[in-house]
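Examination of the molecular architecture
Here is what each chain is made of, one letter per residue.
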Amino acid sequence: MSGKIITISSGKGGVGKSTTTANLGIALALLGKSVICIDADIGLRNLDVMLGLENRIVYDIINVVTKQCSLRKALVRDKHCSNLALLPAAQICDKSAISEDEMERIAREAAEQADFVFIDSPAGIEHGFRYAVKPADLVLLVTNPEVPAVRDADRVIGLLEAAGRAPVQLIINRLNPELVRRDVMLDADSIVNLLAIKLVGIVPEDPAILIAGNRGQPVVLDKQSLAGKSFRNIGRRLTGEEIPFMSLQAPSWLQRIFRFQR
Amino acid sequence: MRFANLFRQRRPDSDKKIATQRLQLVLSHDRANISPGMLEKLKDEIIAVISKHLDIESDQVCVNFQKNYRETRLVADIPLKKHTGRSKRV
Ligand SMILES: Nc1ncnc2c1ncn2[C@@H]1O[C@H](COP(=O)(O)OP(=O)(O)O)[C@@H](O)[C@H]1O
Ligand SMILES: [Mg+2]
């Protein structure tokens, strides 16, 4: 078996790469796929807490690189989905501890064991970014509806294009439908137009994500949350299903009253 | 002034529009790897070269990036002066 390797990247930090990795990992596991998430943000390990797995870690990616343990042994099984596993980042090393080739070897080995391998890329466009995108079959670029985030996304697309790397697709995260309606925030169409790459999903700004982060229970598990639904939809699109984009219109005052009554 | 304009309040550009326009500009400079100042200099040089051969309206010259999906091209719009006897075309 050789699964698909998908790197989640962004250029800019804090736009939601780790959130997206954790949620898409679970979304695909919920669809019955076997998934391995690799935390490639060495020195700034975070995917473990997002998945609520921080207490279960024994080995990390550097132990695998230095052959102190096998990949299989370093994988931490997720507590929500038995077919999802995490390869944690090392916390006390820095990114120079791993080379592009080593990352590629580990990702390929992971892809032998899973249908989908997600690599959570560090921010920036330096070494950490390069090793994270090296093995990718697809790069999912996460951006926010903000000038600096879109600009950085464009830079990353340019770098990937220049290197003749994997196809790039876009996820717009933290879109606030109410601000878009008021013409205060960039809308999805303008961003897609500017970046000129394929859109795979729009995730709304959702306080449920903050709560999910606190509890270590990704929002995709929350059936009520709109962001959770977006991630589930993106997951299905990644398996090749055609899912129409949700309407993220802000509710009108009439809808709000009815919702209030319910 | 048209009558209707008297009543039409001039609406300022929306924040969304401002953001889109600023991004458009920044992205085209980023992609071409040229700063706005360098582009201005390039424009002056183009004017200087063309003026050697043609009578042009140098103050109306427009040098800009045009984007089609992920392809960017530099487009120069250089109006010739009217009534200059024979007109050359490039
Ligand atoms: N759609 C969203 N709505 C609300 N908060 C979000 C959303 N996406 C991300 N966040 C918050 O933004 C912060 C940064 O997200 P993170 O995934 O760590 O970004 P990155 O990995 O790109 O640095 C987190 O605190 C997270 O809770
Ligand atoms: Mg992160």
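Described in the following lines is the structure provided in the data block.

Description of the overall build of chain B
Summing up its helical and strand segments, chain B has three helices and two strands in all. Taken from the N to the C terminus, the helices and strands of chain B come in the order α-α-α-β-β. Classification of the 90 residues of chain B by burial places 19% in the buried group. Across chain B, every contact between residues at least 6 apart in sequence was considered, and the portion connecting residues at least 24 apart equals 40%. Accessible surface computed for chain B: about 7,600 Å², of which carbon and sulfur atoms make up 51%.

Comments concerning the sheet that holds strand S3 (residues 76–77) of chain A
Residue and element names in this part refer to chain A. Reading across from one edge, S3-S4-S2-S5-S1-S6-S7-S8 is the order of the eight strands in this open sheet, with mixed pairing throughout. Of all the strands in the sheet, the pair left with one neighbour each is S3 and strand S8 (198–204). The pairing of strand S2 (residues 35–39) with strand S5 (residues 116–120) spans five bridges and is parallel. Within S5, the residue paired with isoleucine 38 across the bridge is isoleucine 119. Each of strand S1 (4–9), S2, strand S4 (84–87) and S5 touches helix H5 (residues 100–113); the most contacted strand, S2, lies at about 160° to it. Sheet contacts for helix H9 (residues 188–195): strand S6 (138–143), strand S7 (168–175) and S8; angle to S7, the most-contacted strand, approximately 150°.

A closer look at the interface of chain A and chain B
Taken together, the 18 residues of chain A in the interface contact 15 residues of chain B. Carbon and sulfur atoms make up 59% of the area that chain A and chain B hide from each other, which totals about 1,500 Å². Counting the contacts that link chain A with chain B gives six salt bridges. Here aspartate 187 of chain A and lysine 16 of chain B are joined by a salt bridge, their closest N and O atoms 3.8 Å apart. Run the count over chain A and chain B and you get 10 residue pairs in polar contact (both at pLDDT 80 or more). Of all the elements in the fold, those that place two or more residues in the side of chain A that touches chain B are helix H7 (147–162) and H9 of chain A. If one sorts the elements of the side of chain A that touches chain B by residue count, H7 of chain A sits on top with seven residues. For the side of chain A that touches chain B, a count of residues per class yields 10 nonpolar, three polar and five charged.

Brief notes about the site of ligand 1
Residue and element names in this part refer to chain A. Lining the immediate environment of ligand 1, one finds 14 residues, of which Gly14, Lys17, Ser18, Thr19 and Asn173 sit closest. Within the side chain of arginine 174, one N or O atom sits 3.0 Å away from an oxygen atom of ligand 1. For ligand 1, a nitrogen atom lies 2.9 Å from a polar atom in the backbone of aspartate 206. For ligand 1, the accessible surface in isolation is 570 Å², of which the surrounding protein chains cover 79%. Within the residue set of the shell around ligand 1, elements represented by two or more residues are helix H1 (17–30), S7 and S8. Here the shell around ligand 1 gets three residues from one element, more than from any other, and that element is H1. Along the lines of polarity and charge, the residues of the shell around ligand 1 split into five nonpolar, five polar and four charged.

Let's talk about the environment of serine 9 of chain A
Residues and elements named next belong to chain A. Mapped onto the elements, serine 9 comes out in strand S1. C-alpha of serine 9 to C-alpha of threonine 20: the two residues are 11 residues apart in sequence and 9.9 Å apart in space. The residues touching serine 9, leaving out its near neighbours within four places in the chain, are Lys17, Ser121, Phe129, Val133, Val139, Leu140, Leu141 and Val142.

Regarding the pattern of salt bridges
All names here are of chain A. Counting across every chain of the model gives 18 salt bridges over all chains. Here arginine 45 and aspartate 48 are joined by a salt bridge, their closest N and O atoms 3.9 Å apart. The same class applies to arginine 45 as to aspartate 48, namely buried. If you follow the salt bridges from partner to partner, you end up with Asp101, Glu104, Arg108 and Lys134 in one network.

Examining H7 of chain A
Taking 1.5 Å of rise per residue, the 16 residues of H7 of chain A would be expected to cover 22 Å, and the 23 Å separating its terminal C-alpha atoms lies within 8% of that figure. For H7 of chain A, the set of buried residues is Ala149, Val150, Ala153, Asp154, Val156, Ile157 and Leu160 of chain A. The arc that holds the buried residues of H7 of chain A, viewed along the axis, is 160°, so those residues lie on one side. Looking at the buried positions of H7 of chain A, the neighbouring elements they touch are helix H6 (127–133), S6, S7 and H9 of chain A together with helix H2 (15–32) of chain B. Once H7 of chain A ends, the next one or two residues include glycine 164 of chain A, with phi positive near 65°.

Conventions adopted
- Residues numbered from 1 in each chain as written.
- Chains lettered and ligands numbered in written order.
- Predicted model: local features only at pLDDT ≥ 70, side-chain atom pairs only at ≥ 80, totals over all residues.
- Heavy atoms only, no water.
- Helix = DSSP H or I, 4+ residues; strand = E, 2+ residues; numbered from the N terminus.
- Buried < 20%, exposed > 50% of the residue type's maximum accessible area, 1.4 Å probe, protein only.
- Contact = heavy atoms within 4.5 Å.
- Areas by Shrake-Rupley, 256 points an atom, 1.4 Å probe, with all protein chains shown as cover.
- Pairing = 2+ DSSP bridges.
- Axes fitted to C-alpha atoms, helices over the stretch in contact; angles between N-to-C directions.
- Buried area = accessible area lost by both parts, 1.4 Å probe.
- Salt bridge = Lys/Arg side-chain N within 4 Å of Asp/Glu carboxyl O.
- Polar contact = N/O pair within 3.5 Å; in protein donor to acceptor, adjacent residues only side chain to side chain.
- Nonpolar A, V, L, I, M, F, W, Y, C, P; charged D, E, K, R; others polar.
- Near = heavy atom within 4 Å.
- Expected span 1.5 Å × (residues − 1).
- Arc of directions from axis to C-beta.

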